[in-house]
Amino acid sequence: MSGQHTDAALAENAGDSLDANWYIDKLFQGVMFVCGISAVLFVLGIFAFVFAEGAEFVIKTINWSQFLLSPRWAPTSDYNPTYGILALIAGTASITVLAMAVAVPFSLGAAIFIAEFAKGRTREVLKILIELLAAIPSVVWGFIGLAIMNPWIIETFDVPIGLNVLNCGLILGLMAAPIITSIAEDALKAVPDTYREASEALGASRWQTTARVVLPAAKNGLLAAVLLGVGRGFGETMAVLMASGHSINLPSSVFDSVRALTATIAAELGETAVGSEHYQALFTIGIFLFTITFIINMTADWIIRGSKKG
Amino acid sequence: MDNSTATQKPLASTIAIRARNLNLWYGSFQALFDINLEIKQGMITSMIGPSGCGKSTILRSVDRINERLGYVRIEGAIEVLDQNIYAPEVELAQLRKQVGMVFQRPNPLPISLFDNIIFGHRIHRAPNEKYSKQDESDIVEAALRKVLLWDKVKDRLHSKATVGLSLEEQQKLCIARLLPVKPTVLLMDEPCSALDPKGTAAVEELIWELRGEYSILLVTHNMAQARRASEECIFLLMGRVVEHRETDQMFMSPSCQETANYIEGRYG
């Protein structure tokens, strides 16, 4: 008797709440859907805008061999404006290579220490410090490059100018390090603990376990971390603008000043006539950068996916 | 009584593992109370008891893998071949060379099958010993033959260990990789609980084959397995040893009421 009564009441209540919940559910599904695809729409929108601005140059004006192979970037020349980005590519590439040479060993070492060796409070403090390092604005890094590194390099190496590949590479390396570290640490954390346990039970020390089991198992994730660091290096603008010397140059040593692709856009875009050839050329550099970072990120993503599957 | 220890290399003692007044805490929780045990050499000894009774804890104390947790505290002693493994001069690597461990879920390392088998050997060989490719191949082949896996995997030694192997075969692989360093004690923590009945039978058969040559301490949830696959049996309850006897006797006429109740399935 009483059992039947409660069953009926339950069914009725369930019906009511199902109706209300159904609408709330639908509403939130809709909201979430809009939020979810908005990110995609924004990216597509940015790409469309950048491409539209640069399109005329890419399709009509461009001389591909000159654009990619000439080291002469002279957009404001009155009688012979030249748009060659080779020197800019060399600038960006040299800075990024040096930055990675600095950042990768330190970051991987830090990630290995945090994930495999540090315990308790040490680990927590280190993680917070690294997040703090990632949060320093790039203009502050640029300022450090200008105000501290510049005189230090001039004095230490006895060179005429301290705003150069070395300065910029070190700064950029420090900027990329926290990102590489935290992604690499995630990759190490993702290695199942049963592997470490099995290895230690076989008599391997902590370090042997790390070197022979954990690192091989996490190598894809670590590679992806390095690639994302490279992407960061390519995309960084303000610190590079301030610390690189910003002079068009095919560098022959780390003490040469260089100019990066990103810094060129940042410095020149405000001073060109909208729609002019120069303006369009800068957007073409934008398309070039966009494509490269897109490829780097997709590769990293693809590698991470691969490592999760394997 | 089983007498196969006689064929083994001569050893000072016929007791493989001896626990003396062993107490163990996880943080402030005491998991083991005054454990005193003597595990005979060359025999398969099983440990049974309900979940949380401490059987895995004892097992994991014998190769000190428990210490990975960092909050384990131990009083008393465990001796492996008369050597107190908690003595300060004991090296973990040496202990784990002598004592191999098989885990509940097969856990081949994410490296090639060949490298899995030779892993322990590479860790433990002296730096001045040189092993050629051929030497290593011979070691790997011997280990795989011992667990009856050689014919199945001989053509893909260099592919990843888990590729194309069933759980049963992976567990055999995990046993095989212990053998090249010539341990004296094998610890097995419910080695068949992830396997189907056919796999269980195959691995049990293998364990039975290994007795005599190795002293085996086997934790199991499965009383039928303890009965089939062990010569002596220990019943644990709430972190204490209740009974330790020959398996047949224990199951025929347990001397404690708790043992009888557990064996008959009244709890656990």
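Thresholds applied
- Residues numbered from 1 in each chain as written.
- Chains lettered and ligands numbered in written order.
- Predicted model: local features only at pLDDT ≥ 70, side-chain atom pairs only at ≥ 80, totals over all residues.
- Helix = DSSP H or I, 4+ residues; strand = E, 2+ residues; numbered from the N terminus.
- Buried ≥ 20, exposed ≤ 12 C-beta atoms within 10 Å, placed from the backbone.
- Contact = placed C-beta atoms within 7 Å.
- Nonpolar A, V, L, I, M, F, W, Y, C, P; charged D, E, K, R; others polar.
- Pairing = 2+ DSSP bridges.
- Axes fitted to C-alpha atoms, helices over the stretch in contact; angles between N-to-C directions.
- Bend = angle between axes of the 7 residues up to and from the residue.
- Expected span 1.5 Å × (residues − 1).
- Core = buried A, V, L, I, M, F, W, Y, C linked by C-beta atoms within 7 Å.
- Domains from an automatic or database assignment.
- Parallel < 35°, antiparallel > 145°, perpendicular 65-115°, else oblique.
- Left-handed = near helix turned anticlockwise from the far one by under 90°.

Colleague: Give a description of the overall build of chain A that names residues and reports values.
Modeller: Helices and strands together make up the secondary structure of chain A, namely 11 helices and two strands. Helices (α) and strands (β) of chain A occur, in sequence order from the N terminus, as α-α-β-β-α-α-α-α-α-α-α-α-α. C-alpha atoms of chain A, sized along the principal axes, occupy 100 × 55 × 35 Å. For chain A, the proportion of its 310 residues judged to be buried stands at 38%. For chain A, the share of sequence-separated contacts (at least 6 apart) that also reach a separation of at least 24 residues comes to 72%.

Colleague: Give a detailed account of the interface of chain A and chain B, specifying residues and quantitative values.
Modeller: Each side of the interface is counted separately: chain A has 16 residues, and chain B has 19 residues. At the level of elements, helix H7 (193-201) and helix H8 (206-235) of chain A are the ones that each hand at least two residues to the side of chain A that touches chain B. A total of seven residues in the side of chain A that touches chain B trace back to one element, the largest contributor, which is H7(A). Of the residues contributing to the side of chain A that touches chain B, the split by class is eight nonpolar, five polar and three charged.

Colleague: With reference to specific residues and values, describe the sheet that holds strand S8 (residues 215-219) of chain B.
Modeller: All names here are of chain B. Spatially, S6-S7-S8-S3-S9-S10 is the arrangement adopted by the six strands of the open sheet, whose pairing is mixed. Of all the strands in the sheet, the pair left with one neighbour each is strand S6 (99-102) and strand S10 (240-246). The average undirected angle you get between the axes of adjacent strands in this sheet is 20°. Examined bridge by bridge, strand S3 (residues 44-48) and strand S9 (residues 232-237) share four bridges and lie parallel to one another. Within the sheet, the bridge partner assigned to Ser46 lies in S9 and is Cys233.

Colleague: Talk me through helix H5 (residues 138-157) of chain A; I want residue IDs and the actual numbers.
Modeller: All names here are of chain A. Within H5, the axis deviates most sharply at Met149, by approximately 40°, and proline Pro151 lies no more than four positions further along. Turning to H5, its buried residues number three or more, namely Trp141, Gly142, Gly145, Met149 and Ile153. The elements touched by buried residues of H5 are helix H6 (165-189) and helix H9 (238-243). Looking one or two places after H5, you find Asp158, whose phi comes out positive at around 55°.

Colleague: Got a sec to walk through helix H7 (residues 197-210) of chain B? Specific residues and values, please.
Modeller: Residue and element names in this part refer to chain B. With 14 residues, H7 extends 20 Å between its outermost C-alpha atoms, agreeing within 8% with the 20 Å of an ideal straight helix rising 1.5 Å per residue. All buried positions along H7 are accounted for by Thr200, Ala202, Val203, Glu204 and Ile207. Following H7 by one or two positions, Gly212 adopts a phi angle in the positive range, close to 90°.

Colleague: Could you give an account of the sheet that holds strand S1 (residues 15-26) of chain B, with specific residues and numbers?
Modeller: All names here are of chain B. Pairing within the open sheet is antiparallel, and its four strands lie in the order S2-S1-S4-S5. Either end of the sheet is taken by a strand with one partner, and the two such strands are strand S2 (29-40) and strand S5 (83-84). In terms of strand pairing, S1 meets S2 through eight bridges, oriented antiparallel. Counted as the bridge partner of Tyr26 is Phe29 from S2.

Colleague: Tell me what's going on with the pairing of strand S4 (residues 72-80) of chain B, and back it up with residues and numbers.
Modeller: Each regular strand shows side chains that alternate between the opposite faces of the sheet. All names here are of chain B. Looking at chain direction, S1 and S4 are connected through eight bridges and run antiparallel. Looking across to S4, one finds that Tyr26 is bridged to Val72. In this sheet, S5 lies alongside S4 in antiparallel orientation, the contact comprising two bridges. Residue pairing across strands places Glu79 opposite Asn84, the latter belonging to S5.

Colleague: Outline the nonpolar core, listing residues and values.
Modeller: Counting residues in each nonpolar core, the largest one holds 142 residues, and the members touching the most others are A:Ile180, B:Leu187 and B:Leu217. B:Leu217 has contacts with B:Ile17, B:Ile39, B:Thr45, B:Met47, B:Leu59, B:Val62, B:Val185 and B:Leu187, leaving out every residue within four places of it along the chain.

Colleague: Just give me the short version of the domain arrangement of chain A, but keep the residues and values in it.
Modeller: Reports of interface size often rely on the accessible area that becomes lost once the parts have come together. Residue and element names in this part refer to chain A. The assigned domain composition of chain A is domain 1 (2-61) and domain 2 (73-309). Centre-to-centre, using C-alpha coordinates, domain 1 lies 36 Å away from domain 2. On the side of domain 2, eight residues touch domain 1, which itself brings nine residues to the contact. Of the residues assigned to the side of domain 1 that touches domain 2, the class counts are five nonpolar, two polar and two charged.

Colleague: So, the environment of A:Ile46: which residues are in play, and what are the values?
Modeller: Residues and elements named next belong to chain A. Looking at the element boundaries, Ile46 is found in helix H1 (residues 2-61). Take Ile46: there are 12 C-beta atoms within 10 Å of it, and that puts it in the exposed class. Between the alpha carbons of Ile46 and Arg121 there is a distance of 43 Å; along the sequence they are 75 residues apart.

Colleague: Account for the packing of H6(A) against H8(A), with residues named and values stated.
Modeller: Residues and elements named next belong to chain A. Direction vectors running N to C along H6 and H8 enclose 150°, while the axes themselves pass 8 Å from each other. As summarised for this structure, H6 and H8 are arranged roughly antiparallel, according to the angle between their axes. Judged by the sense of rotation from one axis to the other, the crossing of H6 with H8 is right-handed. Facing H6, whose interface residues are Leu172, Ala176, Ile179, Ile180, Ile183, Ala184, Ala187 and Leu188, H8 presents Val214, Ala218, Gly221, Leu222, Ala224, Ala225, Val226, Leu228, Gly229, Arg232 and Gly233. Class assignment for the residues of the contact of H6 with H8 results in 15 nonpolar, three polar and one charged.

Colleague: With reference to specific residues and values, describe the packing of helix H3 (residues 86-117) of chain A against H8(A).
Modeller: Packed helices, taken two at a time, are described by their axes: the angle between them and the distance between them. All names here are of chain A. Across the interface, H3 lies against H8 with an axial gap of 9 Å and an inter-helix angle of 145°. Crossing angle aside, the handedness with which H3 passes H8 is right-handed. Contacts between H3 and H8 involve Thr92, Ile95, Thr96, Ala99, Met100, Ala103, Val104, Leu108, Ile112, Glu116 and Phe117 from the former and Arg206, Thr210, Val214, Leu222, Val226, Gly229, Val230, Gly233 and Phe234 from the latter. The residue makeup of the contact of H3 with H8, split by class, is 13 nonpolar, five polar and two charged.

Colleague: Residue-level account of the environment of A:Ile180, with values.
Modeller: Residue and element names in this part refer to chain A. Tracing the sequence through the fold places Ile180 in helix H6. Judged by local crowding, Ile180 falls into the buried class, with 27 C-beta atoms found within 10 Å. For the pair Ile180 and Glu271, spaced 91 residues apart in sequence, the C-alpha to C-alpha distance is 35 Å.

Colleague: Report on unusual backbone geometry, specifying residues and quantitative values.
Modeller: All names here are of chain B. Even without a glycine there, the phi angle at Asn21 is positive, about 45°. Position of Asn21 among the secondary structure elements: in strand S1. Look at Asn21 and you get exposed, because 11 C-beta atoms sit within 10 Å. In the Ramachandran plot, Met238 falls in the positive-phi region, its phi being about 50° despite a non-glycine side chain. Topologically, Met238 is positioned in the loop between S9 and S10.

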